[in-house]
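Fold and contact review
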Amino acid sequence: MRRWSVILVVVASLVAIACQSGGDPGPGPGPTQTRPGPTKTAKGLPNSITAIGDSITVAYASCLLPQPCPRNSWSTGDSDRGGTHYQRLRALNPAITGHATNLAVVGARASGLAAQARAAVDTRAEYVTVLVGANDACRPTAAEMTSAADFRAQIDEALRILKAGLPTAKVFVASVPDLYRLWDVGHANDTVVRVWNRGVCPSMLANPTSDAAADRKRRGEVRDRVTAYDTALSAACSKYGRLCDYDGGAVHRYRFEVKHLSPIDFFHPNASGQQVLAEVTWKAGPYA
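Scope of this entry: the structure provided in the associated data block. Quantities reported herein were computed from a predicted structural model and do not represent experimental measurements.

Here the structure, examined in full by the defined rule, presents four aromatic pairs. Summarising the aromatic geometry, the rings of Trp 74 and Phe 172 are spaced 6.4 Å apart at their centres and angled 65° between planes, so their arrangement reads as edge-to-face. Here Trp 74 is found in the loop between β1 (49–53) and α2 (85–92), whereas its partner Phe 172 is found in strand β4 (residues 170–173), with 98 residues between them in sequence. Given the relative accessible area of 0%, Trp 74 is considered buried. What makes Phe 172 buried here is its relative accessible area of 0%.

Below, the structure written as structure tokens:
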């Protein structure tokens, strides 16, 4: 009996020594948590993200007011809805927490992207998302749209600045949403038409219910120009090199509905539309 008592004392002493040398193990995983994976989980993932582009990326009109609402942004947003690039990356790499910057500007065209790219360099971002082109096509008339050649040159300049200033950063370039699809899903909706008639994207959406040859021709010109922009974006990204990923036309191909549009203008994505945009772009991006 005495022998067993001695053995128990020895075992208890060894356990105590092990606990003291190992330190506090910290809280265990809860019912819906998992322990962090090995350090290689975050290997190759960015520690910061910066978004450049236009009003779509700054989530204009997604909070039911005619103003930016960046918390809903498909790229850098941090709303409770979840699913943005920043939130998905944060789940994989907590080091990115608090390092999301949105430099997109309402009304921006490709001509203004170089200035945004310079600002992005100043953030020292390791991942940059780009979405621009809708405002180049949405002009007072089709004749005033940015030419495909100018658009390509302006995109090349912005990407050149990013490559020079952020040589190791990943760049993701999204295609331009299908503006003809926008007209197609909304032109038979009286509420949508009333809003569009206030002057929303007139190059495509003026006289939205008209079937006149001139109106059909104008819409076709805008549709073709957007396709040319997407071609330019793809080529510019290819020229950039292996650190640039184009979405392969995923945004342009997505068949969104009126329910994804803000009732402010039935042009910009609402909060739900931003979620969809986040999902589509994430799947087409470098970290999916």
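Having seen the structure, we can now continue with the description.
What follows deals with the state of the cysteines. Under the defined criterion, the tally for this structure stands at three disulfides. Cys 63 shares a disulfide with Cys 69; S-S distance 1.7 Å. Since its relative accessible area comes to 25%, Cys 63 is described here as partly exposed. By relative accessible area, which is 5% here, Cys 69 ends up buried. In this model Cys 138 forms its disulfide with Cys 201; the gap between the sulfur atoms is 2.0 Å.

Across all of its chains, the model carries two cavities of 30 Å³ or more by this definition. Approximately 270 Å³ is the volume found for the largest cavity. The wall of the largest cavity is formed by 18 residues, among which Pro 177, Phe 256, Leu 261, Pro 269 and Leu 277 lie closest to the centre. Those elements that provide at least two residues to the lining of the largest cavity are α6 (179–186) and α11 (271–284). Top element by residues in the lining of the largest cavity is α11. It accounts for four residues. Tallied by class, the residues present in the lining of the largest cavity amount to 14 nonpolar, three polar and one charged. Roughly 60 Å³ of volume is contained in the second largest cavity. Every residue lining the second largest cavity is listed: Asn 72, Trp 74, Ser 79, Arg 81, Gly 82, Thr 84, Ala 271, Gln 274, Gln 275 and Ala 278. Of the residues contributing to the lining of the second largest cavity, the split by class is three nonpolar, six polar and one charged.

Each value, and the rule that gives it
- Residues numbered from 1 in each chain as written.
- Predicted model: local features only at pLDDT ≥ 70, side-chain atom pairs only at ≥ 80, totals over all residues.
- Heavy atoms only, no water.
- Phe/Tyr/Trp six-rings, centres within 6.5 Å; stacked < 30°, edge-to-face > 60°.
- Helix = DSSP H or I, 4+ residues; strand = E, 2+ residues; numbered from the N terminus.
- Buried < 20%, exposed > 50% of the residue type's maximum accessible area, 1.4 Å probe, protein only.
- Disulfide = S-S within 2.5 Å.
- 1 Å grid on protein atoms, 1.4 Å probe; cavity = no way out; pocket = protein on both sides within 12 Å on 5 of 7 lines; lining within 4 Å.
- Points joined across faces, edges and corners; volume = space filled by probe spheres on them.
- Nonpolar A, V, L, I, M, F, W, Y, C, P; charged D, E, K, R; others polar.

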